[in-house]
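Residue-level structural notes
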There are 2 protein chains.
Amino acid sequence: MRMAELSDRSGVPVPTIKWWRREGLVPAGRATATNQAEYDQRHVARLRLLSVLREVADVPTAALRSVVDAIDDPDRSLHEVVGTAHAALDPGPHEPASEAASAAVDTLLDGLGWAVGVDAPARGSLARTVDALRTLGRTVEPDGLIAHARAAAAVAAAEVNAIDVDGRARDEVVADVVVGTILYEHVLTALRRLAQEHVSRERWTMPEA
Amino acid sequence: MRMAELSDRSGVPVPTIKWWRREGLVPAGRATATNQAEYDQRHVARLRLLSVLREVADVPTAALRSVVDAIDDPDRSLHEVVGTAHAALDPGPHEPASEAASAAVDTLLDGLGWAVGVDAPARGSLARTVDALRTLGRTVEPDGLIAHARAAAAVAAAEVNAIDVDGRARDEVVADVVVGTILYEHVLTALRRLAQEHVSRERWTMPEA
């Protein structure tokens, strides 16, 4: 297909396609004449992926590149792809968390028996949130995070188990891992808010003191 | 205390305090002389709350105002405060979700027995994510969201039950509800990423096909 049809089928405007093409986020089409190229279904899929990551998950262009690199690198393990997706979601830089909050996160992860790299951006994200809660006068003991940790473990296991690896092309599986990691975060966040509305209505429908 | 000490103790720069003061997000101090005012611990607490909501949760100024209005309105039930916090987290406007995705969300919520208002922003957020997954060729059946829904229900119940209402001043309880609703979303998101790293390492540490 030509550029106009590629834009139609992917839903991505032509100028954005050209920009992403120059940035190397989308592979070249097959040259058919000077200034003409032919694109195929793989280009449509790539554009839809980039478009969703940018629009739904606000992934910045530099992070889109690292996602694309992970998809295109045949030596990257699926575990490493998860790490790439996490980095894309949390590009930083951030203020460092306090030592006390970082230590609380270490204690929590040790207690849970989770093996997590020291550089995982979510360590810092959790520690900074613990700092924020402490700034607001809320003590956060590792025990107070157990309900959230159990829920997180349950969804992570369900998500990883839902990835079908057997007999599929590597780039499809990798795209599934990226999409799952990034979009199911939105699924979980939305469902938590919906559950909060339900639970809080049951408990608090009358005005409080 | 004077403005300089208020800034020191809250960690909020004087220009930001003056801006929030003009915007009505922070109550006036007690006037002690022309151009001088005395502030107290409640001003410190308010500034810390606003600062955390803006820096950790990226809540825009207009949404900070609605949070402040909810805290300051003695007739607002805690359930309504939860709704205000959700609106602050999801200010919109957004493209509407497809009818098919909205219907899938309705079916899921009916099946779960959750009572959720038709205007809850998280309904649209979930439906738009379902649309995004479908755009990428992933079918999303309500059954495929059950693990996430159960996890969401568990954390929502733990969060609501952790709010101590008895014998406390209303504005403190309301601030707890706002802080919990907004910051524990970050706690859950970070823990999910940490759990994903742990689970994916267990399953996928060797390079895949």
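Residues numbered from 1 in each chain as written. Chains lettered and ligands numbered in written order. Predicted model: local features only at pLDDT ≥ 70, side-chain atom pairs only at ≥ 80, totals over all residues. Heavy atoms only, no water.

1. Focus: the interface of chain A and chain B
Going by this rule: Contacts are residue-level and defined by heavy atoms, with any inter-residue pair within 4.5 Å sufficient. Each of two parts loses accessible area, computed with a 1.4 Å probe, when they are put together; buried area is these two losses added. Only one rule defines a salt bridge in this text: a Lys or Arg side-chain nitrogen within 4 Å of an Asp or Glu carboxyl oxygen. We call two N or O atoms a polar contact when they sit within 3.5 Å, provided that within protein one can donate a hydrogen and the other can accept it, with sequence-adjacent residues counted only if both atoms are side-chain atoms.
Counting from both sides, the interface comprises 81 residues of chain A and, opposite them, 81 residues of chain B. Carbon and sulfur atoms supply 70% of the area that chain A and chain B bury against each other, a total of about 7800 Å² over both sides. When the buried surface of chain A facing chain B is broken down by residue, R192, R193 and W204 of chain A rank first, second and third, together holding 10% of it. Seen at the junction of chain A and chain B, the total is eight salt bridges. As a salt-bridge pair, R192 of chain B and E185 of chain A come within 3.2 Å of each other at their nearest N and O atoms. At the boundary of chain A and chain B, one finds 32 residue pairs in polar contact (both at pLDDT 80 or more).

2. Some points on the relation of the copies chain A and chain B
Applicable threshold: We place the copies in one frame by least squares, fitting the C-alpha atoms of every residue whose pLDDT is at least 70 in both.
Taken as rigid bodies, chain A and chain B are interconverted by a rotation of 180 degrees and an axial shift of 0.0 Å, the fit giving an RMSD of 0.0 Å. What we have between these two chains is a two-fold relation. Residue A151 of chain A of chain A places its C-alpha closer to the rotation axis than any other residue of that unit, at 2.3 Å. Looking at chain A, 100% of its interface residues are interface residues in chain B too, so the copies touch through the same face.

3. With respect to the pattern of salt bridges
Our working rule: A run of H or I in DSSP becomes a helix once it reaches four residues, and a run of E becomes a strand once it reaches two; helices and strands are each numbered from the N terminus. The cut-offs for exposure are 20% and 50% of the maximum accessible area for each residue type, with area from a 1.4 Å probe on protein chains only; residues under the lower value are buried, those over the upper are exposed, and the others partly exposed.
Within the structure shown, the criterion is met by 24 salt bridges over all chains. Linking D106 of chain B and R123 of chain B is a salt bridge whose minimum nitrogen-to-oxygen distance equals 2.8 Å. Of this pair, D106 of chain B sits in helix α6 (residues 99–112) while R123 of chain B sits in helix α7 (residues 121–135), placing them 17 residues apart in sequence. Here R123 of chain B falls in the buried class, since its relative accessible area comes to 16%. Across the pair R168 of chain B and E172 of chain B runs a salt bridge whose closest N-O atoms are separated by 3.9 Å. Exposure remark for R168 of chain B: the relative accessible area of 24% places this residue in the partly exposed category. Within this structure, R138 of chain A together with R168, E172 and D176 of chain B form a network of salt bridges that share partners.

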